[in-house]
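Working through the structure, step by step
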Amino acid sequence: MAVARTSTGNTLAFLIPAVEMLCKQRFSPKNGTGVIILCPTGELAIKVHTDAKALLMYHTLTSRVIMNGNGWRREAESLVKGVNLLVSTPSRLLFHLKNTKGFLYKNLKVNLGTVRQCYCIIPSKRRLSSLCSFLKRNLSKKSLVIFSSGNSVRFHSEILRYLQIDCLHIDSKMTQLKQTSTFIDFCKADKGLLCANDIIDCASHLPSVDWFLQYEPPGNPKDYIYTLGQVVASQESKIEKHTPFCFLCKRSQNFSSFLGYFTIVLQPLLPYF
């Protein structure tokens, strides 16, 4: 079992040993699947599979990416023929495990996850003070804080400024031009804080950040997983040092279980604020 955050260097760090292992075991299509790489989003799966194909260019090993949105029948045909290195999203893998007869995985050697998510359980009455304390400790860093709604973004950004924590904010009531210019300003800055609630449209263009914080459980958890995947996949991301961080209160602890279902490795942390 291996776990790695997904950037080019880290992806190759676990792909190369996996390919080497398959070669040493003399895997061929008749042996079925020897390596499964689980990714929380289809976008990540495609990126990982692209790296895998480059490594397998001069090998006879077979590979395939399977995910929602692709034709499952063609995927099933490939799996039955034999896919040595399989890249998949969790739900799609589960579908084929249940429904594709002839999918040979009894020779499985390695199962790889891709994203780590830290979280902290904080009493509701201490959430705001904990956030402010955390941000004050990291004024020299570049941080992105995600809230559950535009109203929450405006409320918290005003409080942060009142407490002399400079920040930019983006919410749905701003014009598209203002949202874009604010996002560009944040991208160009060496340090700073951006508060937002909906960055799905620009998730694939996120800049290098030191901290990616989810302050409240999102209205649509799948959107959060998509954004998280894009942040971690960023080629320039510094998340090798600072992992995505989620503030949770007791009543929202189930959100951590939801993330775990999508093969996001959860790491509880004690608050140090």
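Residues numbered from 1 in each chain as written. Predicted model: local features only at pLDDT ≥ 70, side-chain atom pairs only at ≥ 80, totals over all residues. Heavy atoms only, no water.

1. Looking at the overall build of the protein chain
Here is the rule: Put simply, DSSP H or I for four residues or longer makes a helix, DSSP E for two residues or longer makes a strand, and each gets a number counted from the N terminus. Exposed residues in this analysis have more than 50% of their type's maximum accessible area, buried residues have under 20%, and partly exposed residues fall in between, with area computed by a 1.4 Å probe over protein chains only. Accessible surface area values rest on a Shrake-Rupley calculation with a 1.4 Å probe, where residue burial reflects the displayed protein chains alone.
The helix and strand tally for the protein chain stands at 9 helices and 12 strands. Residue burial in the protein chain is summarised as follows: out of 273 residues, 50% are buried. In the form shown here, the protein chain has an accessible surface area of approximately 13,900 Å², with 53% of it arising from carbon and sulfur atoms.

2. A look at the packing of helix H3 (residues 72-81) against helix H4 (residues 90-99)
Quick reminder of the rule: Only C-alpha atoms enter the line fits that serve as axes; for helices the fit covers just the stretch in contact. Angles between N-to-C directions range over 0 to 180 degrees. Oblique is the label for every angle not falling under 35 degrees (roughly parallel), over 145 degrees (roughly antiparallel), or within 65 to 115 degrees (roughly perpendicular). Should the near helix be turned counterclockwise from the far one by less than a right angle, the crossing is left-handed, whereas a clockwise turn marks it as right-handed. We call two residues in contact when some of their heavy atoms are within 4.5 Å. Charged residues are taken to be Asp, Glu, Lys and Arg, nonpolar residues to be Ala, Val, Leu, Ile, Met, Phe, Trp, Tyr, Cys and Pro, and polar residues to be all remaining types, Gly included.
Packing of H3 against H4 leaves a shortest axis separation of 11 Å and a crossing angle of 65 degrees. Between H3 and H4, the interaxial angle falls into the category roughly perpendicular. Crossing handedness for the pair H3 and H4: right-handed. Facing H3, whose interface residues are Trp72, Glu75, Ala76 and Leu79, H4 presents Arg92, Phe95 and His96. Taken together, the residues of the contact of H3 with H4 sort by class into 4 nonpolar, 1 polar and 2 charged.

3. What about unusual backbone geometry?
A positive phi angle, close to 55 degrees, is found at Arg26, a residue other than glycine. Tracing the backbone shows Arg26 in the loop between helix H1 (8-24) and strand E2 (35-38). Given the relative accessible area of 72%, Arg26 is considered exposed. Not every positive phi belongs to a glycine, and Gln164 is a case in point at roughly 65 degrees.

4. Comments concerning the nonpolar core
What tends to happen in soluble globular proteins is that the nonpolar side chains get buried as a cluster. Put simply, the rule reads: Among the buried residues, those of types Ala, Val, Leu, Ile, Met, Phe, Trp, Tyr and Cys that are joined through side-chain atoms within 4.5 Å form a nonpolar core.
Among the nonpolar cores identified, the biggest contains 19 residues, and Leu22, Val35, Ile37, Cys39, Leu85 and Val87 are the most heavily contacted of them. Residue assignment for this core shows that the elements contributing at least two residues are H1, E2, helix H2 (42-55) and strand E4 (85-88). Sorting elements by how many residues they give to this core places H1 first, with 6 residues. Ignoring sequence-local partners within four residues, the contact set of Val87 consists of Ile37, Cys39, Ala45, Val48, His49, Arg64, Val65 and Ile66. Residues Leu131, Cys167, Cys195 and Leu213 belong to the second largest nonpolar core, which totals 18 residues.

5. Focus: the side chain of Lys142
Applicable threshold: In this tally, Lys and Arg are treated as positive and Asp and Glu as negative; His is ignored, and so are the chain termini. Any carboxyl oxygen of Asp or Glu within 4 Å of a side-chain nitrogen of Lys or Arg constitutes a salt bridge here. Two N or O atoms count as a polar contact when they lie within 3.5 Å, although within protein this holds only if one can serve as hydrogen donor and the other as acceptor, and sequence-adjacent residues are included solely when both atoms are side-chain atoms.
Structurally, Lys142 can be placed in strand E7 (residues 142-146). Asp190 is the oppositely charged side chain nearest to the buried, salt-bridge-free Lys142, at an N-O distance of 6.4 Å. Polar contacts involving the side chain of Lys142 include one to the main-chain carbonyl oxygen of Phe186, which spans 2.8 Å.

6. Here we look at the packing of aromatic side chains
Inclusion rule: Stacked, edge-to-face and tilted are the three classes for Phe, Tyr and Trp ring pairs, Trp counted by its six-membered ring, which pair at centre distances within 6.5 Å; planes under 30 degrees apart are stacked, over 60 edge-to-face, the rest tilted. As a reminder, the over-ring test applies to NZ of lysine and CZ of arginine, requiring each to be within 6 Å of the ring centre and within 35 degrees of the ring normal.
Inspection of every chain in the model, using the stated rule, returns 4 aromatic pairs. Each ring, one from Trp72 and one from Phe95, has its centre 5.5 Å from the other, and the planes form 70 degrees; the classification is edge-to-face. Placement of Trp72 in helix H3 and of Phe95 in helix H4 is noted, with a sequence separation of 23 residues between them. For Phe95, a relative accessible area of 28% puts it in the partly exposed group. Centre to centre, the rings of Phe134 and Trp211 are 5.1 Å apart; their planes meet at 75 degrees, and the pair counts as edge-to-face. Residue Phe134 is found in helix H5 (residues 127-137), and its partner Trp211 is found in strand E10 (residues 211-214); the two are separated by 77 residues along the sequence. Since its relative accessible area comes to 0%, Phe134 is described here as buried. The ring of Phe95 carries the charged tip of Arg92 above its face, separated from the ring centre by 5.8 Å.

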